[in-house]
Protein chains: 2
Amino acid sequence: MSSSADSAPSRLTPATEAQAPSGPATAGESPVLLAARRARTAAAELAPLPRTARDAALLAVADALEARAEEIVAANAEDVARARENGTSAAMIDRLTLTRERVASIAADVRHIVSLPDPVGEVVRGSTLPNGLELRQIRVPLGVVGMIYEGRPNVTVDAAALCLKSGNAALLRGSSSAYSSNTALVAVLRDAVAGAGLPADAVQLVPGTSRESVHELMTARGLVDVLIPRGGASLIQTVVRDSTVPVIETGVGNCHVYVDESADLDMAVDILVNSKAQRPSVCNAAETVLVHAGIADRFLPRALAALAAAGVTVHGDGDWEKAGAGVGVPVVPATEADWAEEYLSDDIAAAVVPDLDAAVAHIRRWTSGHTEAIVTRDAQAARRFVSRMDSAAVMVNASTRFTDGGRFGFGAEIGISTQKLHARGPMGLAELTSTTYVVTGDGHTVE
Amino acid sequence: MSSSADSAPSRLTPATEAQAPSGPATAGESPVLLAARRARTAAAELAPLPRTARDAALLAVADALEARAEEIVAANAEDVARARENGTSAAMIDRLTLTRERVASIAADVRHIVSLPDPVGEVVRGSTLPNGLELRQIRVPLGVVGMIYEGRPNVTVDAAALCLKSGNAALLRGSSSAYSSNTALVAVLRDAVAGAGLPADAVQLVPGTSRESVHELMTARGLVDVLIPRGGASLIQTVVRDSTVPVIETGVGNCHVYVDESADLDMAVDILVNSKAQRPSVCNAAETVLVHAGIADRFLPRALAALAAAGVTVHGDGDWEKAGAGVGVPVVPATEADWAEEYLSDDIAAAVVPDLDAAVAHIRRWTSGHTEAIVTRDAQAARRFVSRMDSAAVMVNASTRFTDGGRFGFGAEIGISTQKLHARGPMGLAELTSTTYVVTGDGHTVE
């Protein structure tokens, strides 16, 4: 029977090459596609591994990050120097900079991820069918997860660790401004992963810093199972538009706070200021406040004073302008552009609406689908508002800033999805998995 | 305060126009985009409705189908006549044909869908966070579901009913060969839905039969929430490649049966013949059989006899050819193309593999990710096979034909997903929903 090996060689393609549905590597393939193909092979080796093997590799990663902090910080210094030459802002340089302490806290984050429950193998649904077939729907890794991200090098380790924890291979395309840092970090990660007996190709940095490499990653359908862009709106829109690989859209947050006629005004002021000003640069910060006309005359003066005290500039409609004039707080006249704007700064758009339904209409017209909040004492108003929103999260008498995987108790977050398919809202480890149906019988056939 | 209405008119856009994130309709917009925009408005009205309202509309649909069967059958006759003129095969004409009896059974299917549990509002995850915030992840409708499908007009009613049951608006693009039937059916559906007080635009047929109308539907991003193509491989690949709207890939099934060394041979023959021949034209029928070399000499002759008796032609490797010669059953020499083929006919590709891992490698190399089966008495072999597959369903000692929403007990099926994101395997009503996080507090702010 071993002669069978010769009769149809194609079926004996070694497993290491056989993983790619689009077949073995072809000559002259680009470095990005070759990396994706290696990732696919690694993913096939990762999938059947038990939690203990994945956790051991992650602990080795954490130890290696601390042991090799020196070379990581040295590589990072090259990026920082380049950023200085390019006149990058102090804030951006601070986000880019790695120190021994920051590397240690990144390692601590990895150890935290080790401690999280294993999403792989969870039985999502199970039953014994009337004919005796045993049906189980089980969580399995997605396979190859591509990440395209900007900014801080800690995302490189965070994304790789979350992918490994969930049994996925990570293909990382970070910012070119952090290329030296990311190259050093990924070298440390790969050595640690290989040292723990897992395939080093489970973690790869996309070769090169060209735009072309991003495009190749976005079109590696059949090799990359999902792409997760993390960064500004333009990056995300580019990926969503051009990718033929399935994408999980993240992050853009034009979040709204609606202050209902029945709101507790102290609570409304607190929630508004916290939603806008506690950390204006993040996607779950509020960008527009809508106020019911019935309480505008009482609420606007207090809101304007509190927002001014928090250093927030209001871009308001006619009512807000009048109220601003009344209390001596300057209000920038709002244009339609303000309703669409994700400021990510100490600015907020502000309007008065005649009723709750007008607030609903405004939000549905302009939202990016991230998070909306209502402040109200009226249970029916809360119910009506919640049932008419079309966003990943709706807050009732709570700050928009709570939309976060950590604050939701997921233990980790790979991003916040603003799309409706697969994952919506904060994405934890479970959102990095797919499922498969395992059906066990005893010779069952259909009639 | 009503003067506020003038100060920023944009925010007072009526709700009916405000639903489309891309804004109100623009002059000269195509009929398809206008239909999508109306669907979006209808979806916003459907979302908050309770189950009773949706079920009442579906019961009205079932009654109307029976009451107006005459005009449906008359319209269908036009399609059938056109098909005859075009020399369509008798089998295709049979699939296209509607009779009073078939319309009655379609109505019965709608009543069955009414009886299914409501997926909308199900709390998928819920907890009270340490700070007292109440977190609930709740199923909500996707919004606007676009269906592009071939063949039988009953799919038009089935898809519309499943969308309505799950609170979605349905935008239907059926086969041009069934355009008269679909036009009549959708007219009946819309009248019944409107008569029950729901928006008629919750069910729409995409205007026209041009390829252009399909392209417009595929690129209506922001108006259509998901596209589900149902039909042949070429249709599905076109949609997957060209759509900027999120797609749920369905149906293509290059399914495998692997007969392990330890298999019960009687069981293996039964499962193989059932998987291939019970209904060869469907996506969960087997297209390739792989046999462990250790039992090939005992299994191949029996399998060849049973497959021949079932009218199946074997496209086999060298071992199968030899075995065929031995028992006088002709075997067509297999080429690499056979490993990739979804025959959907009385044909099967067949190979002998040296061991289970070679079977795994072959399947991962060639599968479309639908369903694979192993026949074995060895629990470790079953476990190893299951953990190394990358498909929507894996059968252990059961026919591949069981991968079906009805047989899985889902009560309904909109299709079988072969992708990993959002839905994998048979899709029931839950797969036509997204989720949203509702977070209820008492003035909670973040520190």
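We now turn to the structure provided with this report.

Calculation criteria
- Residues numbered from 1 in each chain as written.
- Chains lettered and ligands numbered in written order.
- Predicted model: local features only at pLDDT ≥ 70, side-chain atom pairs only at ≥ 80, totals over all residues.
- Heavy atoms only, no water.
- Pairing = 2+ DSSP bridges.
- Helix = DSSP H or I, 4+ residues; strand = E, 2+ residues; numbered from the N terminus.
- Contact = heavy atoms within 4.5 Å.
- Axes fitted to C-alpha atoms, helices over the stretch in contact; angles between N-to-C directions.
- Buried area = accessible area lost by both parts, 1.4 Å probe.
- Salt bridge = Lys/Arg side-chain N within 4 Å of Asp/Glu carboxyl O.
- Polar contact = N/O pair within 3.5 Å; in protein donor to acceptor, adjacent residues only side chain to side chain.
- Nonpolar A, V, L, I, M, F, W, Y, C, P; charged D, E, K, R; others polar.
- Buried < 20%, exposed > 50% of the residue type's maximum accessible area, 1.4 Å probe, protein only.
- Right-handed = clockwise from strand over helix to strand, strands pointing away.

In space, the ten strands of this open sheet follow the order 10(A)-9(A)-11(A)-8(A)-7(A)-12(A)-13(A)-16(B)-2(B)-1(B), with mixed pairing throughout. Each edge of the open sheet carries a strand with a single partner, namely strand 10 (332–333) of chain A together with strand 1 (123–128) of chain B. Note: strand 7 (residues 255–259) of chain A against strand 12 (residues 371–375) of chain A, four bridges, orientation parallel. Residue Val257(A) lies in a different strand from strand 12 of chain A, and its bridge partner there is Ala373(A). Across the sheet, helix 13 (residues 293–309) of chain A touches strand 7, strand 8 (286–292), strand 9 (313–316) and strand 11 (347–353) of chain A, and the angle it forms with strand 8 of chain A is around 145°. Where helix 17 (residues 379–388) of chain A meets the sheet, its contacts fall on strand 7, strand 12 and strand 13 (393–398) of chain A together with strand 16 (433–444) of chain B, and the angle it forms with strand 12 of chain A comes to roughly 165°.

Taken residue by residue, the interface counts 97 residues in chain A and 97 residues in chain B. For the chain A and chain B pair, buried surface summed over both sides reaches about 7700 Å², with 57% attributable to carbon and sulfur atoms. The interface formed by chain A and chain B holds eight salt bridges in total. Where chain A touches chain B, the interface holds 37 residue pairs in polar contact (both at pLDDT 80 or more). In terms of residue count, strand 16 (residues 433–444) of chain A provides more of the side of chain A that touches chain B than any other element does, eleven residues in total. For the side of chain A that touches chain B, the class distribution of residues is 46 nonpolar, 28 polar and 23 charged. Two strands pair when backbone bridges link them, and strand 13 of chain A and strand 16 of chain B are joined in this way by five bridges, in the parallel orientation. Within the sheet, the bridge partner assigned to Ala393(A) lies in strand 16 of chain B and is Tyr437(B).

A separate point is the pairing of strand 12 of chain A. Residues and elements named next belong to chain A. Counted residue by residue, strand 12 has five buried out of five residues, so it is predominantly covered. Of the two faces of strand 12, both are covered, the one formed by Thr371, Ala373 and Val375 as well as the one formed by Glu372 and Ile374. The sheet contact formed by strand 12 and strand 13 spans four bridges and is parallel. Bridge pairing in strand 13 links Ile374 to Val396. Once you follow strand 12 into helix 17 and on to strand 13, the crossover reads as right-handed.

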